[in-house]
Amino acid sequence: MFKKILIANRGEIALRIIRACKEMGIRTVAAHSTADTESLAVRFADQAVCIGPGEAQKSYLKIPSLISAAEVTNCDAIHPGYGFLSENAGFAEVCGECNITFIGPSPESIRLMGNKSVARETAVKAGVPVVPGSDGPLEKEADAQKFAAEIGYPVILKASAGGGGRGMRIVHEESELLDSLKIVQAEAGAAFGDKSIYMEKYVTNPRHVEIQILGDKHGNIVHLYERDCSIQRRHQKLIEEAPSTILTEKLREKMTAAALGLAHHIKYYSAGTFEFLVDDKGHFYFMEMNTRVQVEHPVTEMITDVDIIKEQIMVAAGHPLSFAQKDVNMYGHSIECRVNAEDPEKFTPSAGTIKELHMPGGPGVRIDSAVYQGYKIPPYYDSMIAKVIVHAPTRMDAIHRMRRALGEFHVEGVKTTIPLLTRIMHSEEFVSGKVSTRFIEEFLKNVPPKQ
Ligand code: ADP
C-alpha cells in the first residue's frame, strides 16, 4: 500500500481524500496555492507544500510544481480529485515516468474518453446507443448544415474537448446554425485549446442519468447503480439523487449492462462515470464518460455503503476490488444539494468572508465541505462551499430530511443557493419526481424569485 499520497487539489474533495487516507493509515501531503494557506486541507493533511500563487494555471494546473512537491515529500502516489488535472492524460503519464502512481485510470483510457467525439465513436463500437449525431468532428460549414437537416432541429453543438457545462450551444433553427458554430468554435479554442466541434440531436426534456463504475487492474469491473443529475442550471448539476425515479428494474439492467460493456471494451480501471440522457420513452443515449471521481459520488456511497475513494486508492496500488457485483446492494434513497456561494437567482459568484456559519447535522445527514466561520472564499476557484447529502429509507423521507437539513444551514457574509434549494425541495414538481434537465429554467419561470 502507498505510504504517502500527495493531493493535487483543494476544497472539499482534498479534505475527502485526506479523510479516506487517514482511515487507511496513509500519510498525506496537501499541495496548495498561496490562496489556500488557511484551508482545512492544509490544516488536516500531515504535511503541506505551497505550489504557487492563487491562479490555478500557476499552481493546481502546473505539472512540474506538483511533481516536485511529490518528490521532495517522498510521496509514492498522487490523487488528482476532480477538475484541475484529474482528466489530463499527460499528467497521468508524467506521474508514471516519475515512478509516482496516478490514482486514476490509465493515460490511454483518459485520452480515449477525454475527447467527447472519440468517446462517442468508442461507444458506438461497443454497441452502446448514442444520441444521433455527427461521426467525428465537423470539418466544414456545409457538412454541419447538411447534417443538421438530416437529424432535424433542434441540435446541440459541442466542443470535443469541452467539459463542466461549457462549450455547448443549442441551435433551434437553420438560420442560427452558422453563427452558433463560429461562437462555439471560438469559445472552444479559447477555453480548451481545441476548436473541434461535433453535433448531436438535442433531446428535449431529457433526464441526466449516470452509472458509477469501479474497476481494478485485474479485469474486475462492477457498477454501483445510477445517479439522477437532472436538476441543473446552465448544464451544471445542482441537485443529485440516487436511485433515479424513472429507472424501471429493466431499464436499470440495460443501462448498467451498457456501462459495464463499454468499461470492459476499453479495459478500464479506477472509478469512472458513464453519463446518459434518458428520454420520456425510456430510450437512453450515452453522452460522455468522466474518468475520475465525481462531485456527486457521495449519494452512491450512501445507498451502497461503498467508499469510492478508498477503492480508488486500493486499486491504484494494484489490489483487487474489495467486493464483487453480487455483494453490492442498494439501500434507501439519497439526495445531494450543492451549496454554492452565489446569488441564488442570478447565479453570479459571491466571493467574500463567511462571517457566521452553522452546518446541519443529525441522523442521515452528511456534509462534505471545507469552509469554516471566518473563512475567506478566494476568487480564483469554483463557488461550491458545501455539499449537503442525506440518506433515508424512502425518497419522501429523504426530501423531508433535506428540508430539515437546509433549514439548519446558516451562512452569513455571502449569498448562497440555500434559498433556491429549499424552494425546490418544497416544490410539488420536485416531490412528484417528474423532473428534466430543464427543471430549473421552468421552475424559475413559474415561480418568480422573491423580491
Ligand atoms: P459537460 O461535460 O460539460 O458536463 P455533457 O456532455 O455532460 O457536458 O452535458 C451536460 C448537460 O448538457 C447534460 O446533462 C444535459 O443536460 C445537456 N445536454 C448535453 N447533450 C445534450 C443533448 N444531446 N440533448 C439534450 N441535452 C443535452
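Student: Which parts of the structure should I look at to understand the overall build of the protein chain?
Tutor: For the protein chain, the helix and strand inventory stands at 15 helices and 20 strands. Taking 22 Å as the expected radius of gyration for a compact globule of 451 residues, we find that the protein chain reaches 21 Å, a close match to that expectation. Overall, the C-alpha framework of the protein chain stretches about 60 × 55 × 45 Å when taken along its three principal axes. Relative to its full complement of 451 residues, the protein chain shows a buried share of 57%. Excluding contacts between residues fewer than 6 apart, the proportion of contacts in the protein chain whose partners are at least 24 apart in sequence is 66%. Carbon and sulfur atoms make up 52% of the accessible area of the protein chain, which totals about 18,400 Å². In the protein chain, the 52 positive side-chain charges and the 57 negative ones have mean positions that sit 2 Å from each other.

Student: Where do I start with the sheet that holds strand E6 (residues 155–163) in this structure?
Tutor: Backbone-to-backbone hydrogen bonds join strands into a sheet, with any given pair of strands oriented parallel or antiparallel. Taken together, the 3 strands give an open sheet; going across it, the order is E7-E6-E8, and neighbouring strands pair in antiparallel fashion. Two strands in the sheet have a free side with no partner beyond their single neighbour: strand E7 (166–171) and strand E8 (197–201). Shown here is a sheet whose adjacent strand axes are inclined to one another by a mean of 25 degrees, direction ignored. Note that E6 and E8 share 5 bridges and pair antiparallel. In the sheet register, Ile 156 faces E8, and the bridge partner there is Glu 200.

Student: Quick question: what am I supposed to make of the site of the ligand here?
Tutor: In the vicinity of the ligand, 20 residues are found, and the nearest of them are Gly 165, His 208, Gln 232, Glu 275 and Glu 288. Lys 116 has a polar side-chain atom sitting 3.1 Å from an oxygen atom of the ligand. A distance of 2.9 Å separates a nitrogen atom of the ligand from a polar atom in the backbone of Lys 201. Burial of the ligand by the surrounding chains reaches 96%, relative to a free accessible area of 550 Å². Contributing elements (two or more residues each) for the shell around the ligand: E6, E7, E8, strand E12 (270–278) and strand E13 (284–290).

Student: Which parts of the structure should I look at to understand the pairing of strand E10 (residues 221–233)?
Tutor: On a regular strand, each side chain points to the face opposite its neighbour's, so the side chains alternate between the two faces of the sheet. The buried fraction of E10 is high, at 13 of 13 residues. The antiparallel pairing of strand E9 (residues 207–215) with E10 creates a hairpin that spans 5 residues between the two strands, and Gly 219 there sits at a positive phi of about 90 degrees. Pairing geometry for E10 and strand E11 (residues 236–242), over 4 bridges, is antiparallel. If you follow Gln 232 over to E11, its bridge partner there is Lys 237.

Student: What is the right way to read the pairing of E9 from this model?
Tutor: Counting buried positions along E9 gives 9 out of 9 residues, so the element sits mostly inside the fold. Alternating positions in E9 separate into two faces, Arg 207, Val 209, Ile 211, Ile 213 and Gly 215 on one and His 208, Glu 210, Gln 212 and Leu 214 on the other, with burial throughout. With 9 bridges joining them, E9 and E12 adopt antiparallel strand pairing. Residue pairing across strands places Gln 212 opposite Thr 273, the latter belonging to E12. Note that E9 and E10 share 6 bridges and pair antiparallel.

Student: Sorry if this is basic, but what is going on with the sheet that holds E9 here?
Tutor: Read from one edge of the open sheet, 8 strands run E13-E12-E9-E10-E11-E14-E19-E17, paired in antiparallel fashion. The open sheet has two edge strands, E13 and strand E17 (365–369), and neither has a second partner. Neighbour to neighbour, the strand axes of the sheet diverge by 25 degrees on average, direction disregarded. On top of the sheet, helix H1 (residues 11–24) reaches E17 and strand E19 (384–392); it is set at about 115 degrees to E17, its chief contact.

Student: What is the right way to read the environment of Gly 11 from this model?
Tutor: Within the secondary structure, Gly 11 is located in helix H1. Here Gly 11 falls in the buried class, since its relative accessible area comes to 18%. When the C-alpha positions of Gly 11 and Ser 369 are compared, they lie 7.3 Å apart, and in sequence the two are 358 residues distant.

Student: How do you make sense of unusual backbone geometry when you look at a structure like this?
Tutor: Glycine aside, a negative phi is what most residues show, and trans is what most peptide bonds show. At the junction of Tyr 153 and Pro 154, the peptide bond is cis and its omega measures out at -5 degrees in the coordinates. Within the secondary structure layout, Pro 154 lies in the loop between helix H7 (141–151) and E6. Of note in this structure, Arg 234 is not a glycine but carries a positive phi near 50 degrees. For Arg 234, the location among the structural elements is in the loop between E10 and E11.

Student: Can you help me understand the packing of helix H4 (residues 89–97) against helix H5 (residues 107–114) in this one?
Tutor: When two helices pack together, you describe them by how their axes are tilted relative to each other and by the distance separating the axes. Where H4 meets H5, the axes come as close as 8 Å, and the angle between the chain directions of the two elements is 175 degrees. Classified by the angle between their axes, H4 and H5 sit roughly antiparallel to one another. Contacts between H4 and H5 involve Ala 89, Gly 90, Ala 92 and Glu 93 from the former and Pro 107, Ile 110 and Arg 111 from the latter.

Student: What should I look at first to understand the pattern of salt bridges in this one?
Tutor: Two side chains of opposite charge can pair, provided their charged atoms sit close to one another. All told, the structure shown has 29 salt bridges when counted by the stated rule. When the shortest N-O distance is used, the salt bridge between Glu 200 and Lys 158 registers 3.2 Å. Here Lys 158 lies in strand E6 and Glu 200 lies in strand E8, a separation of 42 residues in the sequence. A salt bridge links Glu 240 to Arg 338, with the shortest nitrogen-to-oxygen separation between them at 2.7 Å. Here Arg 338 lies in strand E14 (residues 333–340) and Glu 240 lies in strand E11, a separation of 98 residues in the sequence. Glu 240 gets classed as buried once you look at its relative accessible area, which sits at 0%. A network of salt bridges, in which partner residues are shared, links Glu 210, Arg 227, Lys 237, Glu 240, Glu 275, Glu 296 and Arg 338.

The rules we used
- Residues numbered from 1 in each chain as written.
- Predicted model: local features only at pLDDT ≥ 70, side-chain atom pairs only at ≥ 80, totals over all residues.
- Heavy atoms only, no water.
- Helix = DSSP H or I, 4+ residues; strand = E, 2+ residues; numbered from the N terminus.
- Rg over C-alpha atoms; globule rule 2.2 N^0.38 Å.
- Buried < 20%, exposed > 50% of the residue type's maximum accessible area, 1.4 Å probe, protein only.
- Contact = heavy atoms within 4.5 Å.
- Areas by Shrake-Rupley, 256 points an atom, 1.4 Å probe, with all protein chains shown as cover.
- Lys, Arg positive; Asp, Glu negative; His and termini not counted.
- Charge placed at Lys NZ, Arg CZ, Asp CG, Glu CD.
- Pairing = 2+ DSSP bridges.
- Axes fitted to C-alpha atoms, helices over the stretch in contact; angles between N-to-C directions.
- Near = heavy atom within 4 Å.
- Polar contact = N/O pair within 3.5 Å; in protein donor to acceptor, adjacent residues only side chain to side chain.
- Parallel < 35°, antiparallel > 145°, perpendicular 65-115°, else oblique.
- Salt bridge = Lys/Arg side-chain N within 4 Å of Asp/Glu carboxyl O.

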